[in-house]
Amino acid sequence: MSAPFPEIVDAWRMISARRSFNGSLPVAQLPRLCEALAASDGTIAYDIEFDRDELGIAYLGLRAQAELTLTCQRTLEPFAWPVRIDTRLGLIVREEDEAGLPAGYEPLLLESAELRPAEVIEDELLLALPLIPVKPGLEESDHTWSTDPEQTEEPQRPNPFAALSSLKKG
C-alpha cells in the first residue's frame, strides 16, 4: 500500500503495517544534499518499503533515482550526475545488533521509533556522491605519472656541454 510522503513516521508501526511510500521529492527540500551540489534543481524519484524478511529482521527498503548537478573538480563546470540507489537498511536499536544483520543489509540505527524518511533518502544520496566529482570522460589523463625512473619517457635533448668537447680537442 502506498501513501503520501510523511515528514515523520513511527518506524516500528510502519514495519507492523508493512507500509510503503513512493513518489518524488524536490532536491531543494534536502538542505545537506544541496550544500554538496552545484544546483538544487530537479527531483528525486523514491520508493520506500517497511517490512520484515523471512528471518524476521525489520528493514527499510529504499530505491531512489535522481540526476544531481555536481561541479567537476578538473574544469569547475557543472555537470549532471545520474544516481540510482537500491539498498536494504536493517533497523537496529543498538550498535551491537549490527553483527546480527544478514549480508547485503546496511545498518540503520534508530535512537527512537521516530524516523524521517526524507533524511534517510538524503543520507543515502550523500553516500552515493563521488568524493571528487569529475565530469564523465575526463577521468583519463593525457600523461601517465610514474615514480620509477626506468619508466619515465623524456624527450631526447641535445647535451648543452657537447660543444665543449670540440674545444678540448683543439
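Residues numbered from 1 in each chain as written. Predicted model: local features only at pLDDT ≥ 70, side-chain atom pairs only at ≥ 80, totals over all residues. Heavy atoms only, no water.

A. Spotlight on the environment of Q73. Relative to the helices and strands, Q73 is located in the loop between β5 (58-71) and β6 (78-92). When the C-alpha atoms of Q73 and V134 are compared, they prove to be 5.7 Å apart, with 61 residues separating the residues in sequence. In this structure Q73 touches I132 and P133, once residues within four positions along its chain are discounted. At 3.1 Å, the side chain of Q73 forms a polar contact with the backbone oxygen of T71. (Helix = DSSP H or I, 4+ residues; strand = E, 2+ residues; numbered from the N terminus. Contact = heavy atoms within 4.5 Å. Polar contact = N/O pair within 3.5 Å; in protein donor to acceptor, adjacent residues only side chain to side chain.)

B. Representation of the packing of aromatic side chains in the model. Under the criterion given, the structure shown has three aromatic pairs. Centre to centre, the rings of Y59 and Y105 are 6.3 Å apart; their planes meet at 90°, and the pair counts as edge-to-face. You can see Y59 sitting in strand β5 and its partner Y105 sitting in strand β7 (residues 105-109), a full 46 residues away along the chain. The pair Y59 / Y105 is uniform in exposure class, with both members buried. An angle of 80° between the planes, with centres 6.2 Å apart, marks the rings of F79 and W81 as edge-to-face. Owing to a relative accessible area of 6%, F79 belongs among the buried residues under this scheme. (Phe/Tyr/Trp six-rings, centres within 6.5 Å; stacked < 30°, edge-to-face > 60°. Buried < 20%, exposed > 50% of the residue type's maximum accessible area, 1.4 Å probe, protein only.)

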